[in-house]
Every structure is written in C-alpha cells, then in structure tokens.
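The primary structure of each chain is shown beneath.
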Amino acid sequence: MPQDDRIMRGPGERRVAEAAERIVAEGRPRLHRTWTSLVATSLLGGIDVGVGVMTLLFVRHETGSELLAGLAFSVGLVALLLGHSELFTEGFLVPVATVIAGAATWLDLARMWVTVLVMNLIGGWVFTWLVMQAYPDLHRTAAASGAHFVNGGCTPGTFCLTVLGGGVITLMTRMHHGTESMTGKITASITTAFVLAGLGLWHSVLDSLIAFAGLHTGGTSYGYVDWLGWLAWAVLGNVVGGLLLTTALRLVRSAPVLSEDNPAVRAGS
C-alpha cells in the first residue's frame, strides 16, 4: 500500500497529515530567519506577553480572583497569535518537528531557543517597568504575585507545575496548527491563558515578567539572583513538559509525513 494511503487511514489522519505539513512549512523559515528578524520578533513576544501580565495584575488587584485574572491574561496570547510574534515555549512543537523532518539543524534550533528566551525577557523587563511606573497602585499586587513564584522553591510539586505549564502552552501550538479557522485559534489562545494563568501553572516567561513587575517596585522579598535560580527550574520543567507531554507524541503520530523521504516534505524543501 502506498505511504500516502497508510497516512490517510483512520479517523482524523488526513487532518493530522495536513497539520504536520503546515508545521514543517512554517518551521523552516522560522529557523532560518536573520538575526535582526529573530531578535525583533522575540522582543515583540516579550512585550505582547507583558500586555497580558498588565491586564492580569490589574484584574487581580481589582477583583482578587485568580480565575478572572487568568482570563484577562488571554489578551497577551491573542496578541502573540495575531501579531505573529515569538514566545519561547512556542518553540517546541514546530521547530523540533522541522529539525526531525531534516529541514533545519539542531544548531538552528538552539540558536532560536536561546535568542527567543533572552529577548522575551528583555522585552518583558522593559514593558513591566513602564507598567509599574504608570500604575503605582499595582505595586503591592505585583510584589506578592512575583514572590509566589520565585519563593515557591524547587520541589517535586513546583516541578510538576512547570511541566504542566510547558505541556499546556505547547498544546496551544498544536491546536493552532490543527485548524485553519482564526476563530478556532483565538479560542485556543483564550482557553490556554485561562488554564495557564488562572490555575497557577508555572511558565518561564509569563511568571518572569510577573517577577520583574515585583522587582521594579523595590519592595520584594526576592532579588534577581533568586529569580535566576527560579528561571532555571522553570525552563527545565517547561522544556520537559513541552517536549514529552505534547511534542513527542505528536511527532510519533506524524512520523510518516515528517520522514525525509516523504514527497510532501521534499516538495517544501
């Protein structure tokens, strides 16, 4: 039986194959961007998430509700989607699939991961400074919110929170590539924001920006050294969650499309 016929067997397999081909088509230019484009897109990603953090802190300050604050954070993920900016944990499914398909190298992937993470943090640091200057009433909320993460400790429980955070945000990427409907993609972003921020999952960039907001107030129980230790823990868990909970299983299911000798992949090379 021809390979394409095997791919198309079973419910939903055609959509899986089409989504996998879209992933490689998107991932190739993402991994081969110029330094200027990569840096600018990643800085914008940090700013977009910063907009979400601003709304999250404001709603948390006004209502005291974690669930409403999580829903408010969806502004940041919708901005990422519609603004075509780059978030560190969105770099698991698409770029890794592209490397597996042979359309880029592991060095290209490492270059993207490091640059996106650093630029997300720089963009977010600047944006949250502006927010704290503009809204002094948010200082106490920002300091308490940042301390919740940075002082959370490196325990099995917090590591599970980071793993879940990485898995959930990568699931959002998978859902985005499972449909061509913009309404569906926006819905995926909103629901992911609610789960991620509303349920208190740990995310290396989102929660770093909350920690930065607290640090900008000058009244936190933690400092930048404490934050760096927390960041290493959060990045490790996010990578484990993004790669094992979502990306690995997706790659197994899409293996026929991602193989180097597949005609669909060769045609896009």
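Residues numbered from 1 in each chain as written. Predicted model: local features only at pLDDT ≥ 70, side-chain atom pairs only at ≥ 80, totals over all residues. Heavy atoms only, no water.

## Here's the deal with the overall build of the protein
Counted only if it meets this: Under the scheme used here, helices are H or I runs from DSSP no shorter than 4 residues and strands are E runs no shorter than 2 residues, and both carry numbers assigned from the N terminus. Relative accessibility decides the category of a residue: with a 1.4 Å probe and only protein chains considered, values under 20% of the type maximum give buried, values over 50% give exposed, and everything between is partly exposed. Here, residues are in contact when the closest pair of their heavy atoms is within 4.5 Å. For the accessible areas, the method is Shrake-Rupley and the probe is 1.4 Å, while residue cover comes only from the protein chains on display.
In terms of regular secondary structure, the protein is built from 14 helices and 0 strands. Counted from the first residue to the last, the protein has its helices and strands arranged as α-α-α-α-α-α-α-α-α-α-α-α-α-α. Here the protein holds 269 residues, and the buried ones make up 51% of them. For the protein, the share of sequence-separated contacts (at least 6 apart) that also reach a separation of at least 24 residues comes to 81%. Counting only carbon and sulfur atoms, one obtains 67% of the accessible surface of the protein, whose full area is about 11800 Å².

## Some details on the confidence of the model for the protein
Our working rule: What pLDDT reports is the predictor's confidence in each residue, on a scale of 0 through 100.
For the protein, mean pLDDT is 86; residues scoring 70 or higher make up 83% of the total. Ranking the elements of the protein by mean pLDDT puts helix α14 (residues 263-268) last with 44 and helix α11 (residues 204-217) first with 97. When the criterion is pLDDT under 50, residues 261-269 qualifies, and its contacts beyond four places in sequence or with other chains add up to 16 contacts.

## Considerations on α11
Put simply, the test is: A helix's residues, less one, multiplied by 1.5 Å, set its expected span.
Taking 1.5 Å per residue, 14 residues should reach 20 Å; α11 reaches 20 Å between its end C-alpha atoms and fits that length. Across the 14 residues that make up α11, a large majority, 13, are buried.

## Looking at the nonpolar core
Just so we agree on the cut-off: Definition used in this section: a nonpolar core is a set of buried Ala, Val, Leu, Ile, Met, Phe, Trp, Tyr and Cys residues joined via side-chain atoms within 4.5 Å.
Among the nonpolar cores identified, the biggest contains 53 residues, and Val53, Leu57, Phe73, Phe88 and Trp230 are the most heavily contacted of them. Setting aside its immediate chain neighbours within four residues, Leu57 contacts Met132, Leu138, Thr141, Ala142, Ser145 and Ala213.

## Regarding the pattern of salt bridges
How we decide: By definition, a salt bridge exists where a carboxyl oxygen of Asp or Glu is found within 4 Å of a side-chain nitrogen of Lys or Arg.
Tallied over the entire structure, the rule returns 3 salt bridges. A salt bridge links Glu66 to Arg60, with the nearest nitrogen and oxygen atoms 2.9 Å apart. A relative accessible area of 12% places Arg60 in the buried class. Overlapping salt bridges bring together Arg30, Arg33 and Glu86 as one network.

## Re the packing of helix α3 (residues 35-63) against helix α7 (residues 106-134)
Counted only if it meets this: The axes used here are C-alpha line fits, helices contributing only the stretch in contact, and every angle between their N-to-C directions lies in the interval 0 to 180 degrees. Each angle gets one of four labels, with under 35 degrees taken as roughly parallel, over 145 as roughly antiparallel, 65 to 115 as roughly perpendicular, and the rest as oblique. Left-handed describes a crossing in which the near helix is turned anticlockwise from the far one by less than a right angle; the clockwise case is right-handed. As a working rule, the residues Ala, Val, Leu, Ile, Met, Phe, Trp, Tyr, Cys and Pro are called nonpolar, Asp, Glu, Lys and Arg charged, and the rest polar, with Gly in that last group.
As a packed pair, α3 and α7 sit with axes 7 Å apart at the nearest point and diverge in direction by 45°. Judged on the interaxial angle alone, α7 and α3 are oblique. Crossing handedness for the pair α3 and α7: right-handed. Where α3 abuts α7, its residues Trp35, Leu38, Val39, Ser42, Leu43, Gly45, Gly46, Ile47, Gly50, Val51, Met54 and Leu57 lie against Arg111, Met112, Thr115, Val116, Met119, Asn120, Ile122, Gly123, Gly124, Phe127, Val131 and Met132. A class-by-class count of the residues in the contact of α3 with α7 yields 15 nonpolar, 8 polar and 1 charged.

## Comments concerning unusual backbone geometry
The phi dihedral of His84 is positive, around 55°, even though this residue is not glycine. Locating His84 in the fold gives a position in the loop between α5 (74-83) and α6 (93-100). Judged by relative accessible area, His84 falls into the exposed class, the value being 66%.

## Some points on the packing of helix α8 (residues 139-150) against α11
Between α8 and α11, whose axes approach to 7 Å, the crossing angle comes to 130°. Regarding the angle of α8 to α11, the classification is oblique. As for the relative orientation of α8 and α11, their crossing is left-handed in sense. For the pair formed by α8 and α11, the contact residues are His139, Ala142, Ala143, Ser145, Gly146, Phe149 and Val150 on the first element and Asp207, Ile210, Ala211, Ala213, Gly214 and Thr217 on the second. For the contact of α8 with α11, the class distribution of residues is 7 nonpolar, 5 polar and 1 charged.

## Points about the environment of Leu43
By the element assignment, Leu43 lies in helix α3. The partly exposed category is assigned to Leu43, whose relative accessible area is 27%. For the pair Leu43 and Ser85, spaced 42 residues apart in the sequence, the C-alpha separation amounts to 8.2 Å. Among residues more than four places away in sequence, those in contact with Leu43 are Met119, Ile122 and Gly123.

## Overview of the environment of Leu31
Along the chain, Leu31 turns up in helix α2 (residues 13-31). Along the primary structure Leu31 and Leu107 are separated by 76 residues, whereas in three dimensions their C-alpha atoms are 9.6 Å apart. With near-sequence residues (within four places) excluded, Leu31 lies in contact with Pro95, Thr98, Val99, Ala104, Asp108, Leu109, Arg111 and Met112.

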